[in-house]
Amino acid sequence: MNTGILRRDFVLGAAAGILYGAGRSWAVEEGKSVFSSAQAFQAIASGKRVPVILDTDIGDDIDDTWALCMLLKSPELDTRLVVGDEYNAIYRAKLIAKLLQTAGRTDVPVGIGLRPEDRAGRQSAWIKDYDLASYPGKVHEDGVQAIIDTIRGSADPVTLICIGPVPNIAEALKRAPDIAENARFVGMHGSIYKGYGGSEQISAEYNVKQAPAALQAVFRAHWEITITPLDTCGVVQLGGEKFRRVLESSDPLIRALMENYQHWREAGEKRALPPPNASSTLFDTVAVYLAYTEALTEIESLACTVTDDGFTKRDPAGRVVRAAVRWKDLGAYEDHLVERLTG
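Sequence order as written defines the numbering, with residues in each chain counted from 1. Side-chain atom pairs in this predicted model are given and counted only at pLDDT of 80 or more, local residue features only at pLDDT of at least 70, and totals for whole chains, interfaces and linings cover all residues. As a rule here, side-chain values cover all heavy atoms of the structure and leave hydrogens and water aside.

Here the focus is the pairing of strand 3 (residues 50-56). Counting buried residues along strand 3, seven of its seven residues qualify, which places the element largely inside the surrounding structure. Two strands pair under a simple rule: DSSP has to find at least two bridges between them. Starting at the N terminus, helices and strands are each numbered in turn, a helix being any DSSP run of H or I of at least four residues and a strand any DSSP run of E of at least two. One ladder, built from seven bridges, connects strand 3 with strand 4 (residues 77-84); its direction is parallel. What sits directly across from Val52, in strand 4, is Thr79. Note on handedness: a clockwise path from strand one over the helix to strand two, with the strands aimed away from the viewer, defines a right-handed crossover. Handedness of the crossover joining strand 3 and strand 4 through helix 3 (residues 63-72) is recorded here as right-handed. Where strand 3 lies against strand 7 (residues 158-162), four bridges are found, and the strand directions are parallel. Note on strand 7: the bridge partner recorded for Asp55 is Cys162. Throughout, exposure labels follow a simple rule: accessible area from a 1.4 Å probe, protein chains only, divided by the maximum for the residue type, with under 20% read as buried, over 50% as exposed, and the rest as partly exposed.

Following this line, the structure appears as structure tokens:
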């Protein structure tokens, strides 16, 4: 398995005397025990699969659908649960369930997030005849409780991948603060040095701006936090031969991804469109990548504050988070993403 694990992370994990799977595995941060990325990467290097939960606002921007497909094709990760974000949660659960069923992964439970509404979205055409009750796997009506139960019930620490606003996670922490003891947080959130489109002006990034109080709650919890801000995730787009390989893939899941992409494009334009020749910006795929390796990114530990108007500002008095602020080789990441999706 070529996981691209950083030697630095492996050495740090070994130096901490980590034992993954024998009870809980811990590192020491600021005098307290937390589960770290270094430990997760060491577990992967030793041949273990890291348990993960995905919390997603799938069905708004198409990048969540790309990220879920990437997750399902990542052998390093053991997907235990996928939960739709708190807004329009039934619509999201239908998308999740049908994609899991298409992938032959009905072993993965689906969670319905807070505010279980079923309004039309840009991918509704793909699920217009889909009945959530027909999903052969488990559907949790209380997705937040499912997050809590899955983390509490896991013998190994869980990586919580969050690629949307995080009210589900804030509610889970409110109900069960102890879940932070058996998890780490990996999110697509924020803007550190760069804004949208590579701007030198930082942005109030969407996932933060939609629910800043929820991310503030995540920042208060005692777990390791790793984020891909716009600095890295906001510049990922496939074109040319790279996109063509995905577009022409015969894999059923990737065919479903491309069908969803076309529905999403046409719903946005409100008209029929020819097939695409490039992807949209694939923000959320980077969070999935960071769950199993950071090899192609530069990570900085930064003190940050989440402001009420949705910024993640550097602040000496803020919470220290690990942020992927630059690519070492963006082209290599694009190649990796294509290989992962089409391989």
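We are not done yet, so read on.
With that out of the way, let us pick up the environment of Ala214. Looking at the secondary structure, you find Ala214 in helix 8 (residues 212-220). As a C-alpha pair, Ala214 and Ala170 span 44 residues in sequence and 5.1 Å in three-dimensional space.

The next thing to look at is the packing of aromatic side chains. Aromatic pairing here means that ring centres of Phe, Tyr or Trp (its six-membered ring) are within 6.5 Å. Orientation follows from the plane angle: under 30 degrees is stacked, over 60 is edge-to-face, and everything else is tilted. Evaluated as defined, the whole model comprises nine aromatic pairs. Ring geometry for Trp66 versus Tyr261: centroids 6.5 Å apart, planes at 75°, classification edge-to-face. Note that Trp66 is positioned in helix 3 and Tyr261 in helix 11 (residues 252-269), a separation of 195 residues in sequence. We note that Trp66, like Tyr261, is buried. With a centroid separation of 6.3 Å and 50° between ring planes, the pair formed by Tyr289 and Trp327 is classed as tilted. Of this pair, Tyr289 sits in helix 12 (residues 285-292) while Trp327 sits in strand 12 (residues 319-327); the two residues are 38 residues apart in sequence, bridging distant segments of the chain. For Trp327, a relative accessible area of 14% puts it in the buried group. Taken together, the ring pairs connect Trp66, Phe243, Tyr261 and Trp264 into an aromatic cluster. Lying across the ring of Trp264, Arg122 places its NZ or CZ 4.0 Å from the centre. Geometrically, a charge over a ring is one whose NZ (Lys) or CZ (Arg) sits within 6 Å of the ring centre while staying within 35 degrees of the ring normal. For Arg265, the ring lying beneath its charged end belongs to Tyr261, and the centroid distance is 5.8 Å.

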